[in-house]
Amino acid sequence: MNSTALKKILIAVLVLVFLGLASWLIYDGRTPAPSYNSGSTSSGQTGSPPASAKLLNYSHQNLTTVGPNIYNQTDASQLILSYNDLKSLPTQLGSMNMLQTLKVDHNQLQGSLIAEIRKMPLVTLDASYNDMTGIPAEIGQLSSLQSLNYSYNHINALPNEISNLKQLKTFDLTGNPLSAVKISQLKTELPKTTIIF
């Protein structure tokens, strides 16, 4: 085999490797729309859902509304709506009464979350990086809630019902205009919770 043939083979191999790497980077950088996971999970994180859990991942989809194609999937245990353009959530989301994880971070949600979240057996709720000014009183009915993230919103008051969250392990309020007095009071009401502020 002469040197010209070797050069052609080498170039062909390099082109294939480059194309394969480029395809992998493009695929790895985007989130499926939506991603379903009804098989085993390999997360290894504490509080991870069981292997049979159904994950709906609608992050990075430029969503402005949450339609029936999402909230009618009432067998889902995890719903990720992160990094979209949502300004509100429909009350019908409350029909997802098996939901243990709800992530609505990095949107444009205003006001406060819907009262219907009380119907969900949430363990994890991430509403960080939005434009919300309040937390609904119904959040106090989430008796299984362990992780609550409202960081980087415009929360300036907390409902009294927040003290009912006895299972809460972490509560992130970083970047909200809450007074030191309010945070101190919250730490007294939830002594077993790590308050991040």
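Let me sum up the structure you'll find in this document. (Residues numbered from 1 in each chain as written. Predicted model: local features only at pLDDT ≥ 70, side-chain atom pairs only at ≥ 80, totals over all residues. Heavy atoms only, no water.)

Some points on unusual backbone geometry
Move 1: The backbone phi angle of His60 is positive, close to 55°, even though this residue is not glycine.
Move 2: When you line up the elements, His60 lands in the loop between β2 (55–57) and α2 (68–71).
Move 3: The class for His60 is partly exposed, based on a relative accessible area of 47%. (Helix = DSSP H or I, 4+ residues; strand = E, 2+ residues; numbered from the N terminus. Buried < 20%, exposed > 50% of the residue type's maximum accessible area, 1.4 Å probe, protein only.)

Remarks on the environment of Ala157
Move 1: On the secondary structure map, Ala157 appears in the loop between β8 (147–149) and β9 (170–172).
Move 2: Taking the relative accessible area as the measure of exposure, Ala157 reaches 42% and is therefore partly exposed.
Move 3: Residues Ala157 and Leu178, spaced 21 residues apart in sequence, show a C-alpha to C-alpha distance of 6.8 Å.

Notes on the pattern of salt bridges
Charged atoms that come close allow side chains of opposite charge to pair.
Move 1: For the structure on display, the rule yields 1 salt bridge.
Move 2: Close ionic contact of Asp75 with Lys54 constitutes a salt bridge, the shortest N to O distance being 3.3 Å. Of this pair, Asp75 sits in the loop between α2 and β3 (78–80) while Lys54 sits in the loop between β1 (35–37) and β2; the two residues are 21 residues apart in sequence, bridging distant segments of the chain. (Salt bridge = Lys/Arg side-chain N within 4 Å of Asp/Glu carboxyl O.)

Observations regarding the nonpolar core
Move 1: By size, the foremost hydrophobic cluster in this structure holds 43 residues, and its most contacted members are Leu79, Leu81, Leu89, Leu148, Tyr150 and Phe171.
Move 2: Within the residue set of this core, elements represented by two or more residues are α2 and α3 (180–189).
Move 3: Discounting residues that sit within four places of it in the chain, Leu148 has contacts with Leu125, Ile139, Ile162, Leu165, Leu168, Thr170, Phe171 and Asp172. (Core = buried A, V, L, I, M, F, W, Y, C linked by side-chain atoms within 4.5 Å. Contact = heavy atoms within 4.5 Å.)

Spatial relationships are all this shows, so hold off on functional conclusions.
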